[in-house]
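Chain by chain, the residues run as shown.
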There are 2 protein chains.
Amino acid sequence: MDGDISRTEAASTLNDHAIAVQDGTIIALAPREQILADYPDAAHTELNNHILMPGLINAHNHTAMTLLRGMADDYPLMEWLEQHIWPAENRCISYDFVRDGTELGIAEMLLSGTTCFSDMYFFPDATAAVAEKLGMRAQINFPIFEMASAWAQNAEEYFDKGLALSDEYRYSPLINTAFGPHAPYTVSDSSFERIVMLAEEIDCNIHVHLHETAFEVASSIEQYGISPIARLNQLGALSPRTQAVHMTQLNTEDTKILLDTGASIIHCPTSNVKLASGYCPAADLLDQGVRVGLGTDGAASNNTLNLFETLRSAALLAKHQAADATALNASQALRMATLGGAEVLGIDDITGSITIGKQADMIAIDTHSPAMQPVHSAISQLVYTEAASAVSHVWIAGKIKVSNRQLVDIDLEALLAKSQWWRNTIAKVENT
Amino acid sequence: MDGDISRTEAASTLNDHAIAVQDGTIIALAPREQILADYPDAAHTELNNHILMPGLINAHNHTAMTLLRGMADDYPLMEWLEQHIWPAENRCISYDFVRDGTELGIAEMLLSGTTCFSDMYFFPDATAAVAEKLGMRAQINFPIFEMASAWAQNAEEYFDKGLALSDEYRYSPLINTAFGPHAPYTVSDSSFERIVMLAEEIDCNIHVHLHETAFEVASSIEQYGISPIARLNQLGALSPRTQAVHMTQLNTEDTKILLDTGASIIHCPTSNVKLASGYCPAADLLDQGVRVGLGTDGAASNNTLNLFETLRSAALLAKHQAADATALNASQALRMATLGGAEVLGIDDITGSITIGKQADMIAIDTHSPAMQPVHSAISQLVYTEAASAVSHVWIAGKIKVSNRQLVDIDLEALLAKSQWWRNTIAKVENT
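Residues numbered from 1 in each chain as written. Chains lettered and ligands numbered in written order. Predicted model: local features only at pLDDT ≥ 70, side-chain atom pairs only at ≥ 80, totals over all residues. Heavy atoms only, no water.

### Some points on the overall build of chain A
Piece 1. A count of helices and strands for chain A gives 15 helices and 15 strands.
Piece 2. For 432 residues, the compact-globule estimate of 2.2 N^0.38 gives 22 Å, and the C-alpha radius of gyration of chain A, at 21 Å, lies within 12% of that figure.
Piece 3. If one aligns the C-alpha atoms of chain A with their principal axes, the spans along those axes are about 65 × 50 × 40 Å.
Piece 4. Counting every position in chain A, which comprises 432 residues, the buried fraction comes to 63%.
Piece 5. When contacts within chain A are restricted to residue pairs at least 6 apart in sequence, those whose partners lie at least 24 apart make up 72%.
Piece 6. Of the roughly 15,100 Å² of accessible surface on chain A, 49% is carried by carbon and sulfur atoms.
Piece 7. Of note, chain A has its 25 positive side-chain charges centred 3 Å away from the centre of its 53 negative side-chain charges. (Helix = DSSP H or I, 4+ residues; strand = E, 2+ residues; numbered from the N terminus. Rg over C-alpha atoms; globule rule 2.2 N^0.38 Å. Buried < 20%, exposed > 50% of the residue type's maximum accessible area, 1.4 Å probe, protein only. Contact = heavy atoms within 4.5 Å. Areas by Shrake-Rupley, 256 points an atom, 1.4 Å probe, with all protein chains shown as cover. Lys, Arg positive; Asp, Glu negative; His and termini not counted. Charge placed at Lys NZ, Arg CZ, Asp CG, Glu CD.)

If you want it as structure tokens, here you go:
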């Protein structure tokens, strides 16, 4: 896949091409022989039977929740949160938990072809530190809540710590920070107003769970007389900076607000159907000009951080929902998981496609296996087969992160030992 | 997982256990130390950090269609069949095509944990021969059509060749044969009547695409005045022998017929949503006592033969469809993919669970990877994460088929070379 394609255009493929990278940036894309002739002294990686494509962008994750994977399945959202996840978090969460859970999640994302993620969780300082250390591109959304957590006692402290984090990473080439107001039902009007003002002042994005369930919408109408999205609009919290995550409930008025304000959406189909929260009409919104990215959501509600799985879910569910097999075709789905995600995160000038001048965030898919053969269509193979399990190489800003299916910067045995330690610790805490 | 569990009971797990196998049969299941003491001289495979479970049963496949994978996506069923798949089949299909496509598909199934499949395709003699040669358990459904194909000219010839095949495999320990009338819209009343009579006579199953689309049902009502399932019922073609594949359209009367006749269903959720054919209410039918198995369908409409993917799709779509996160829980979904499939195929006395006296059809899942950690719940990990890519060992009737993720009986390089040859041959034929 190469170049910036429009949201409706088919993804393009080139055979027997090569890419030249210098200082992390793509500087040339041409037939293999030409690149080899133009850069005779450059070190190069020869990949036969591979598809090279932009790295995937996982636009919504709670990465450290990998440590809670499989703890509580088959529950609806509010019961899952209130009776299982929040109590477990209250008992276990700490800087170390988030650091180790993030490392585990980044390992999983890298091995399945993701080169950039957007994260919202407690101790975002731990998440940011691990992402930067491992050379992973990320938007770190520091959480804003009214209620206390292990990270902060009240809204004031969330703001203070979040703004300090934002300052710390201001000049990071890999890490952007953004406001992460948890949801309309956990954040007050005054906090939203403060976020709007500060986001403008320090020029950063706003990432918020919005219209995840019908219950959320009904509660808002009961409490405020309007839907959550209408309330956020009244508070000035919707603009092209705003990333609305989930949006499974949308009436005509809500959609008009989305279109009028230029807010983008992040579609998390696998998490939404697992929690039976509903379905975001992502393909329709895309058609109407809304920027759409894809997210796995956290591993406690998905239960995998494999964005290729989410990408396939998005394509299949769009067809099912529209009763139209042509809905959200393979190219459109693939674009959502790459350039679409970059547009939502506001980083499409530097990543999301294989384009000269952009960062070399790329992955290679090995088609030399029974599950990937024959290759009648590379795009079809990437969307509808098991591409994640065929990821052989991953580069971020030109640096190799996965080589021949092995993590380059992460000590796998140490990582798995830590994960087992957390499993035992959590089980002990849960049973006391 | 061990033992025969009822359709509603939770799957059970045992820690630190071992299994003894003799002549392909499970003869003991007990704590590891006890088995090692009881069978001190037996060769054994030590698996730490693994989950051992029954092999998956893919109850509906057109295995050789792997060679058409990705040729035509994003089309509705009838356009996909009439304008893409059938023309391609007419030009390419042969004994060799089916032999090579089946080998490719079996390789993919083994590597993703399937130990038994049910297949309906042309040249079922080729499919049966490859399955038997590779030691794969299978129900081979020889097709019955009225229209000509490369395998047979008319209904008479389909019957003759199918019955000869049935004779040939009568005493095979691995291969069952069954009638495979393609669908109500491609098979005449008289052929169905003949199938009913013969199935009784030679004691075999009937495997038929049924109520795959609303169009199929509407056309039948127009032509026959009744739904396809009502028509098959009138012809006596529904009984516990009958495996109804798809059933995405079911009104109360249709459901009553299903319950009254004891026919089973095979749910193919991934293929159904990809073709936007509709959705089979599999969880409801299960609750009402219908036997339910799972199928991937062919790789031209899925596009993967990974039954773990179908298993997760089934669980997630059931929740979405019922707007209830508790619908089709992990244990129920896992049962559908194992013992449920065996019940549908009528082989639950010999396979489908890890039970003393049954055949040793088992797979091992390696949990020692970032995507599978931590293991709070083995059942959750098998259903909701990427278990297929963690399959390390596969045994069928006690014989090892996959060892440390490598195929034991299949020459991978030769297989992939054949697949590439077919890709080029098909592309050439398609372009002339």
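### Notes on helix α5 (residues 155–168) of chain A
All names here are of chain A.
Piece 1. If you check α5, its first and last C-alpha atoms are 20 Å apart, about what 14 residues at 1.5 Å a residue would give, namely 20 Å.
Piece 2. Among the residues of α5, those classed as buried are Ala-155, Tyr-158, Phe-159, Gly-162, Leu-165 and Ser-166. Projection of α5 onto a plane perpendicular to its axis shows the buried side chains occupying an angular sector of 135°, all on one side. Turned more than 90 degrees off the buried face of α5, the exposed positions are Asp-167 and Glu-168.
Piece 3. In the core, the buried residues of α5 are packed alongside α4 (124–134), β6 (137–144), β7 (175–181) and α6 (189–202). (Expected span 1.5 Å × (residues − 1). Arc of directions from axis to C-beta.)

### What about the interface of chain B and chain A?
Piece 1. Taken together, the contacts link 62 residues of chain B with 62 residues of chain A.
Piece 2. Taken together, both faces of the contact between chain B and chain A bury some 4,800 Å²; the carbon and sulfur share is 60%.
Piece 3. It is Asp-74, Pro-370 and His-376 of chain B that lose the most area in chain B upon contact with chain A, and together they represent 15% of the buried surface on that side.
Piece 4. Taken together, the connections running from chain B to chain A amount to 4 salt bridges. (Buried area = accessible area lost by both parts, 1.4 Å probe. Salt bridge = Lys/Arg side-chain N within 4 Å of Asp/Glu carboxyl O.)

### So, the domain arrangement of chain A
Residues and elements named next belong to chain A.
Piece 1. Assigned domains within chain A: domain 1 (4–54 + 358–405) and domain 2 (56–345).
Piece 2. Averaged C-alpha coordinates put domain 1 and domain 2 at centres separated by 28 Å.
Piece 3. Every contact between the two is made by 31 residues of domain 1 and, on the other side, 33 residues of domain 2.
Piece 4. When the two sides are added together, the surface that domain 1 and domain 2 hide from each other amounts to roughly 2,500 Å², 63% of it contributed by carbon and sulfur.
Piece 5. Summed over the shared surface of domain 1 and domain 2, the number is 2 salt bridges.
Piece 6. Note that Asp-361 is salt-bridged to Arg-137, the shortest N-O span being 2.6 Å. (Domains from an automatic or database assignment.)

### Brief notes about helix α12 (residues 307–322) of chain B
Residues and elements named next belong to chain B.
Piece 1. An ideal rise of 1.5 Å per residue puts 22 Å on 16 residues; α12 measures up with 22 Å between its terminal C-alpha atoms.
Piece 2. Taken across its 16 residues, α12 has 14 buried, putting it largely inside the fold.
Piece 3. Structurally, the start of α12 carries an N-cap: the backbone nitrogen of Phe-308 is 2.9 Å from a side-chain oxygen of Asn-306.
Piece 4. Backbone geometry just downstream of α12 places Ala-323 in the positive-phi region, at approximately 50°. (Polar contact = N/O pair within 3.5 Å; in protein donor to acceptor, adjacent residues only side chain to side chain.)

### Section: the state of the cysteines
Piece 1. Here the structure, examined in full by the defined rule, presents 0 disulfides over all chains.
Piece 2. Note on Cys-280 of chain A: no disulfide assigned, nearest cysteine sulfur contributed by Cys-268 of chain A at a separation of 8.8 Å.
Piece 3. Cys-116 of chain B carries a free sulfur, and the closest cysteine sulfur to it, the one in Cys-268 of chain B, is 14 Å from it. (Disulfide = S-S within 2.5 Å.)

### A look at the packing of aromatic side chains
Residues and elements named next belong to chain A.
Piece 1. In the structure shown here, the tally under the stated rule is 18 aromatic pairs over all chains.
Piece 2. Ring geometry for Phe-159 and Phe-179: centres 6.2 Å apart, planes at 55°, overall tilted. Here Phe-159, found in helix α5, pairs with Phe-179, found in strand β7; they are 20 residues apart in sequence, far enough to count as distant.
Piece 3. One aromatic cluster in this structure is built from Tyr-121, Phe-122, Phe-145, Trp-151 and Tyr-158.
Piece 4. Sitting above the plane of the Phe-159 ring, Arg-194 keeps its charged end 4.3 Å from the centroid. (Phe/Tyr/Trp six-rings, centres within 6.5 Å; stacked < 30°, edge-to-face > 60°. Lys NZ or Arg CZ within 6 Å of the ring centre and 35° of its normal.)

### Considering the nonpolar core
Piece 1. Ranked by internal contacts, the top residues of the largest apolar core, which has 237 residues, are Phe-97, Phe-179 and Ile-365 of chain A together with Phe-97, Phe-179 and Ile-365 of chain B.
Piece 2. Look past the residues within four positions of Ile-365 of chain A in its chain and what remains in contact with it is Asn-49, His-50, Ile-51, Met-53, Phe-308, Met-372, Leu-382, Ala-387, Ala-390 and Val-391 of chain A. (Core = buried A, V, L, I, M, F, W, Y, C linked by side-chain atoms within 4.5 Å.)

### Looking at the packing of helix α5 (residues 155–168) of chain B against helix α6 (residues 189–202) of chain B
All names here are of chain B.
Piece 1. The geometry of α5 relative to α6 is characterised by a closest axis approach of 12 Å and an angle of 15° between their N-to-C directions. By the angle between their directions, the pair α5 and α6 is classed as roughly parallel. Crossing handedness for the pair α5 and α6: right-handed. Facing Ala-155, Glu-156, Phe-159, Leu-163 and Ser-166 of α5, the residues of α6 in contact are Ser-191, Arg-194, Ile-195, Leu-198 and Ile-202. (Axes fitted to C-alpha atoms, helices over the stretch in contact; angles between N-to-C directions. Parallel < 35°, antiparallel > 145°, perpendicular 65-115°, else oblique. Left-handed = near helix turned anticlockwise from the far one by under 90°.)

### Some thoughts on the sheet that holds strand β13 (residues 391–396) of chain A
Piece 1. Taking strand neighbours across the sheet as the criterion, the 5 strands line up as β3-β12-β13-β14-β15 (chain A) in an open arrangement whose pairing is antiparallel. The open sheet has two free edges, formed respectively by β3 (50–54) and β15 (406–407) of chain A, since each of these has just one partner strand. (Pairing = 2+ DSSP bridges.)

### Brief notes about unusual backbone geometry
Piece 1. Residue Asn-303 of chain A follows Asn-302 of chain A across a cis peptide bond; omega there is 5°.
Piece 2. Residue Pro-374 of chain A is bonded to the preceding Gln-373 of chain A through a cis peptide linkage, with omega at -15°.
Piece 3. Unlike most non-glycine residues, Asn-49 of chain A shows phi in positive territory, near 55°.
Piece 4. Checked against the element boundaries, Asn-49 of chain A lands in the loop between α1 (32–38) and β3.
Piece 5. Exposure remark for Asn-49 of chain A: the relative accessible area of 38% places this residue in the partly exposed category.
Piece 6. Within the chain, Asp-203 of chain B stands out as a residue other than glycine whose phi angle is a positive 55°.
Piece 7. Relative to the elements of secondary structure, Asp-203 of chain B occurs in the loop between α6 and β8 (206–210).

### Regarding the side chain of Gln-381 of chain B
Residues and elements named next belong to chain B.
Piece 1. Tracing the chain through its elements places Gln-381 in helix α14 (residues 378–384).
Piece 2. Judged by relative accessible area, which is 0%, Gln-381 ranks as buried.
Piece 3. Among the polar contacts made by the side chain of Gln-381, one reaches the main-chain carbonyl oxygen of Pro-374 at a distance of 2.9 Å.

### Quick word on the relation of the copies chain B and chain A
Piece 1. If you rotate chain B by 180° and push it 0.0 Å along the axis, it lands on chain A with an RMSD of 0.0 Å. Expressed as a symmetry operation, the mapping of one chain copy onto the other fits a two-fold axis. Ranked by how close their C-alpha atoms come to the rotation axis, the residues of chain B are headed by Ser-389 of chain B, at 3.1 Å. (Least-squares fit on C-alpha atoms with pLDDT ≥ 70 in both.)

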